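# Overview (structure and organization)
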Amino acid sequence: MVKLYRCIICGDAYVGANPPSNCAFCGAHMSYIMEAKEAVVNFDVPLSAKDKANAEHALKVEVSNSTFYFCAAEKTNDPEGKLLFKALGKIEAEHASIWRKILKRGSVPSGNDTCHTENVENLQESHARETRAIEFYRKSAAESSHPRIRQIFEALVEIETDHLHLSEERLK
Ligand SMILES: [Fe+2]
Ligand SMILES: [Fe+2]
């Protein structure tokens, strides 16, 4: 028997026999996935000046990182690396769309980041980008007094930490 599950971080739904261990769209952990009929997903949040500034920066970070990953998916000289960077590009693009909804923007701006042909250089750059993102999201979560904004920042800390482990595993 399949069910409809929904991620409360990105709001997207998944059909399956069991909830996935991570959201297939944004990578959120299983604790954020529930049956769609029970899921409460809200993007209509009043933003403090600090939350708004952090959300604007988060949108830029996610656009930049997804652009880098899609570039790496094309150019990196390793077949598994291509798959990894494409998967990460899709997840970061989903994160950009979370911030687009929070900021009530019509569209996601486009990025102009470049990448490398050497897979190891792309893995190193991934590691640096994810490290910066995690630090920023951790600080932003601590700075927010709104439970929904804090929830999104905290979920993103977990997701980007998973990405960090993917590059660390391959750089050993
Ligand atoms: Fe999600
Ligand atoms: Fe992200």
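Residues numbered from 1 in each chain as written. Chains lettered and ligands numbered in written order. Predicted model: local features only at pLDDT ≥ 70, side-chain atom pairs only at ≥ 80, totals over all residues. Heavy atoms only, no water.

With that out of the way, let us pick up the overall build of the protein. When its secondary structure is counted, the protein shows four helices and three strands. The linear arrangement of helices and strands in the protein, starting from the amino end, is β-β-β-α-α-α-α. Whereas a compact globule of 172 residues would reach a radius of gyration of roughly 16 Å, the protein reaches 16 Å, a difference of no more than 12%. Here the C-alpha coordinates of the protein stretch approximately 45 × 45 × 30 Å along the principal axes. Within the protein, buried positions represent 46% of all 172 residues. For the protein, the share of sequence-separated contacts (at least 6 apart) that also reach a separation of at least 24 residues comes to 71%. (Helix = DSSP H or I, 4+ residues; strand = E, 2+ residues; numbered from the N terminus. Rg over C-alpha atoms; globule rule 2.2 N^0.38 Å. Buried < 20%, exposed > 50% of the residue type's maximum accessible area, 1.4 Å probe, protein only. Contact = heavy atoms within 4.5 Å.)

Below, the discussion takes up the pattern of salt bridges. In this structure the tally under the stated criterion is 11 salt bridges. Notably, a salt bridge pairs K139 with E143, separated by 3.6 Å at the nearest N-O pair. Here K139 pairs with E143, and both are found in helix α3 (residues 119-143), just four residues apart, close to one helical turn. For E143, a relative accessible area of 32% translates into the label partly exposed. Salt bridges sharing common partners tie together K3, E35 and K37. (Salt bridge = Lys/Arg side-chain N within 4 Å of Asp/Glu carboxyl O.)

Turning our attention to the environment of L59. Relative to the elements of secondary structure, L59 occurs in helix α1 (residues 49-75). When its relative accessible area of 2% is taken as the criterion, L59 is described as buried. Here the alpha-carbon distance between L59 and P109, two residues 50 residues apart in the chain, equals 8.6 Å. For L59, the contacting residues outside a window of four places in its chain are A96, W99, R100, L103, R105 and P109.

On to the coordination of the iron ion (ligand 2). On the protein side, the iron ion (ligand 2) has E62 (OE), E62 (OE), E92 (OE), H95 (ND1) and E160 (OE) as donor atoms, found 1.8 to 2.4 Å from it. Here the donor residues of the iron ion (ligand 2) are spaced in sequence according to E-x29-E-x2-H-x64-E. With H95 in helix α2 (residues 79-102) and E160 in helix α4 (residues 147-171), the pair connects residues that are 65 residues apart, well separated along the chain. (Donors = N, O, S within 2.8 Å, 3.2 Å for Na, K, Ca; no water.)

Our focus in this paragraph is the sheet that holds strand β1 (residues 3-7). Spatial strand order, β2-β1-β3: three strands in an open sheet with antiparallel pairing. Strands at the two margins of the open sheet, each flanked by one partner only, are β2 (13-16) and β3 (33-35). Adjacent strand axes in the sheet meet at a mean angle of 35° when their direction is disregarded. Two elements, β1 and β2, share four bridges in a ladder whose sense is antiparallel. The partner of R6 across the bridge, within β2, is A13. (Pairing = 2+ DSSP bridges. Axes fitted to C-alpha atoms, helices over the stretch in contact; angles between N-to-C directions.)

Next up on the list: the side chain of E160. For the buried E160, which has no salt bridge, the nearest side chain bearing the opposite charge is R129, at an N-O separation of 11 Å. Of note is the side chain of E160, whose polar atom sits 3.1 Å from the side chain of H95. A distance of 3.0 Å separates polar atoms of two side chains, one belonging to E160 and the other to H163. (Lys, Arg positive; Asp, Glu negative; His and termini not counted. Polar contact = N/O pair within 3.5 Å; in protein donor to acceptor, adjacent residues only side chain to side chain.)

Before going further, it helps to examine α2. The end-to-end C-alpha distance of α2, which contains 24 residues, comes to 36 Å, matching closely the 34 Å that a straight helix rising 1.5 Å per residue would cover. At the N-terminal boundary of α2, the capping side chain belongs to D78, with an oxygen 3.2 Å from the backbone nitrogen of E80. Where α2 terminates, the next one or two residues include K104, which has phi positive at roughly 55°. (Expected span 1.5 Å × (residues − 1).)

What follows deals with the state of the cysteines. Overall, the coordinates contain one disulfide when judged by the stated rule. Each disulfide pairs two cysteine sulfurs, and for C71 the partner residue is C115, the sulfurs being separated by 2.0 Å. In this structure the cystine formed by C71 and C115 twists about its S-S bond by roughly -70°; its chirality is therefore left-handed. You can see C71 sitting in helix α1 and its partner C115 sitting in the loop between α2 and α3, a full 44 residues away along the chain. Just as C71 is buried, C115 falls in that class too. (Disulfide = S-S within 2.5 Å.)

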